[in-house]
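Reading the structure
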Amino acid sequence: MQVPRDAVLLRIFIGEDAKSGHLPLYEAILLKAREMHLAGATVLRGPMGFGHSSHLHTTKILRLSQDLPIVIEIVDSQEQIDAFLPVLNGMISSGLVTIEKVQVLQYGAPKS
């Protein structure tokens, strides 16, 4: 699979407790991206964050870890990301979704 040098980064911010059926939402999104043959995706778990409610979510020892921030990053061509967006829209009810243009410098193993 090739990723064009001029690609798109789709970034999805959700809470760890969000669900899609019986799966965590982040897992469902990642599996759907893989099913649709997107070039790559990574799920990142944040130790602290807040969103539109301004409620602080943290792993600090004096507070119960609750609904920690999750960021899903997916990189592919504009066309592939555009095809994924309607699917994502049907999966996510709240959160933040951003898109930015990126340049892919390397994808996969370096050429020898």
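Higher on the page you've got the structure.
Position of Gly15 relative to the elements: it lies in strand E1 (residues 6-15). Overall, the relative accessible area of 19% leaves Gly15 in the buried class. Separated by 31 residues in the primary sequence, Gly15 and Gly46 place their C-alpha atoms 9.7 Å from one another. Residues in contact with Gly15, not counting those within four places in the same chain, are Asp67, Leu68 and Ile70.

What follows concerns the nonpolar core. Formed by 17 residues in total, the largest nonpolar core has its most connected members in Ile12, Ile29, Ile74 and Phe84. Secondary structure elements with two or more residues in this core: E1, helix H1 (25-35), strand E7 (69-76) and helix H2 (78-91). Not counting residues up to four positions away in its chain, the partners in contact with Ile29 are Ile12, Ile72, Ile74, Phe84, Leu88 and Met91.

Even without glycine at this site, His37 takes up a positive phi of about 60°. The class for His37 is exposed, based on a relative accessible area of 55%.

What follows is about H1. Along H1, the residues classified as buried are Leu25, Ala28, Ile29 and Ala33. Seen from one end, H1 has its buried residues packed into an arc of 135°, which puts them on one side. Among the exposed residues of H1, those pointing more than 90 degrees away from its buried face are Arg34 and Glu35. Against E1, strand E2 (19-20), strand E3 (23-24), E7 and H2 lie the buried residues of H1. His37 sits one or two positions beyond H1 and adopts a positive phi of about 60°.

Rules behind the numbers
- Residues numbered from 1 in each chain as written.
- Predicted model: local features only at pLDDT ≥ 70, side-chain atom pairs only at ≥ 80, totals over all residues.
- Heavy atoms only, no water.
- Helix = DSSP H or I, 4+ residues; strand = E, 2+ residues; numbered from the N terminus.
- Buried < 20%, exposed > 50% of the residue type's maximum accessible area, 1.4 Å probe, protein only.
- Contact = heavy atoms within 4.5 Å.
- Core = buried A, V, L, I, M, F, W, Y, C linked by side-chain atoms within 4.5 Å.
- Arc of directions from axis to C-beta.

These figures come from the coordinates and say nothing about function on their own.
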